Amino acid sequence: MTAPRNSAVGEQGSADSTEASKPHKSVKGSKGARPESRLALVRRARRINRELADVYPYAHPELDFENSFQLLVATVLSAQTTDLRVNQTTPALFAAYPTPEDMAAADPEALEQLIRPTGFFRAKAKSLLGLSAALRDRFGGEVPGRLEDLVTLPGVGRKTANVVLGNAFGVPGLTVDTHFGRLVRRWKWTAQEDPEKVEAEIAALFPKSEWTMLSHRIIFHGRRVCHARKPACGACPIAPLCPAYGEGETDPDKAKKLLKYEMGGQPGQRLRPPSDYPGRPAAPLGAAE
């Protein structure tokens, strides 16, 4: 993956003297507060990343997959639903259609029924049929390892492409989903709303080698602690670094009750989590959750 356009720091991640001297929006945002310098922003962002790495050393993609095709399909299915629901759906799907050639030849109605639990199943089935046919016809039945090729596939945008590149090919990329965007704006790393602009500004704060794991850590934190409506501020391990502290529940005991997944003593989203995952596997589709 090439670095997003307008990257201010570049792949090495070092803030040069020109960039470091540029004023940035004040962290607190209060009237009369001293603006945060570019260098201070970079240092604060990287410290948060280090703290998250300590909290989530097991951060990983929360979709079950065994190869790049399965990851691509699962990521397309994950739109507008949970990774848990996708993981509960894909075992039967991949048993029926293990390869792009198999899925490209699928009966549309049969495919729709298999993926129905993920929602928007007609549109998703159309995308899966289209991308599978494209893989068969244009890429020899293999998932391409280049961003510019992946985004030509039906139903595959930049976010999905970066998930596949980072986790199936080892090509660094930022996954700007709703959790990622919400948290980087809360932390005042960016004020952008457009995902591609968010990607460019955040990429400029970190070395390229950190992009994929940074994405996992931020998404993990957004799902477990820093929720959209009621963040668990009182149980947040990076509270001292957060300019938005106090937007959520600050009482430690009440905040602990808001924690989710392994942080709250509940099953994770994967039926087959990595061996170092500290929580419990999720239940299969139809089982008691």
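Please read these numbers as outputs of a predicted model, since none were measured by experiment.

This next bit is on the overall build of the protein chain. When helices and strands are counted, the protein chain shows 13 helices and 2 strands. Put simply, the protein chain has 289 residues, and 51% of those count as buried. For the protein chain, contacts bridging at least 24 residues in sequence account for 60% of all contacts bridging at least 6. When the accessible area of the protein chain is evaluated, it comes to approximately 13,700 Å², of which 50% is carbon and sulfur surface.

Moving on, we come to helix 11 (residues 195–203). Considered for burial, the residues of helix 11 that qualify are Val198, Glu199, Ala200, Ile202 and Ala203. Where helix 11 is buried, its residues touch helix 9 (158–168), helix 10 (178–186) and helix 12 (211–224).

Among the structural elements, Glu112 can be located in helix 6 (residues 108–115). Looking at Glu112, the relative accessible area reads 17%, which means it is buried. When the C-alpha positions of Glu112 and Lys126 are compared, they lie 8.8 Å apart, and in sequence the two are 14 residues distant.

This paragraph deals with the packing of aromatic side chains. Per the counting criterion, the structure on display carries 6 aromatic pairs. An angle of 50 degrees between the planes, with centres 5.0 Å apart, marks the rings of Trp187 and Trp189 as tilted. Judged on exposure class, the residue Trp187 and its partner Trp189 are both buried. Connected via pairs of aromatic rings, a cluster forms that spans Tyr56, Tyr58, Phe220 and Tyr277. Over the aromatic face of Phe220 sits the side chain of Arg224, whose NZ or CZ is 3.7 Å from the ring centroid.

Turning to the side chain of Thr212, a few remarks are in order. As for its placement among the helices and strands, Thr212 is situated in helix 12. Setting aside its immediate chain neighbours within four residues, Thr212 contacts Gly166, Asn167, Val171, Pro172 and Gly173.

What follows deals with unusual backbone geometry. For Phe120, which is not glycine, the phi torsion reads 50 degrees and is therefore positive. Structurally, Phe120 can be placed in the loop between helix 6 and helix 7 (121–138). Classification of Phe120 as exposed rests on a relative accessible area of 56%. With a phi angle near 60 degrees, Lys188 is a residue other than glycine that sits in the positive phi range. Of the residues examined, Lys188 reaches a relative accessible area of 22% and is grouped as partly exposed.

A few words on the environment of Lys257. Mapped onto the elements, Lys257 comes out in the segment after helix 13 (252–256). With 22 residues separating them along the chain, Lys257 and Ala235 place their C-alpha atoms 9.1 Å apart.

Let us look at the layout of surface pockets. If you add up the space inside the largest pocket, you get close to 760 Å³. Lining the largest pocket we find 32 residues, and of these Asp83, Asp177, Thr178, His179 and Arg223 sit closest to its centre. Counting residues per element, the lining of the largest pocket draws most heavily on helix 12, which supplies 6 residues. Taken together, the residues of the lining of the largest pocket sort by class into 9 nonpolar, 15 polar and 8 charged.

Cut-off values and rules
Residues numbered from 1 in each chain as written. Predicted model: local features only at pLDDT ≥ 70, side-chain atom pairs only at ≥ 80, totals over all residues. Heavy atoms only, no water. Helix = DSSP H or I, 4+ residues; strand = E, 2+ residues; numbered from the N terminus. Buried < 20%, exposed > 50% of the residue type's maximum accessible area, 1.4 Å probe, protein only. Contact = heavy atoms within 4.5 Å. Areas by Shrake-Rupley, 256 points an atom, 1.4 Å probe, with all protein chains shown as cover. Phe/Tyr/Trp six-rings, centres within 6.5 Å; stacked < 30°, edge-to-face > 60°. Lys NZ or Arg CZ within 6 Å of the ring centre and 35° of its normal. 1 Å grid on protein atoms, 1.4 Å probe; cavity = no way out; pocket = protein on both sides within 12 Å on 5 of 7 lines; lining within 4 Å. Points joined across faces, edges and corners; volume = space filled by probe spheres on them. Nonpolar A, V, L, I, M, F, W, Y, C, P; charged D, E, K, R; others polar.

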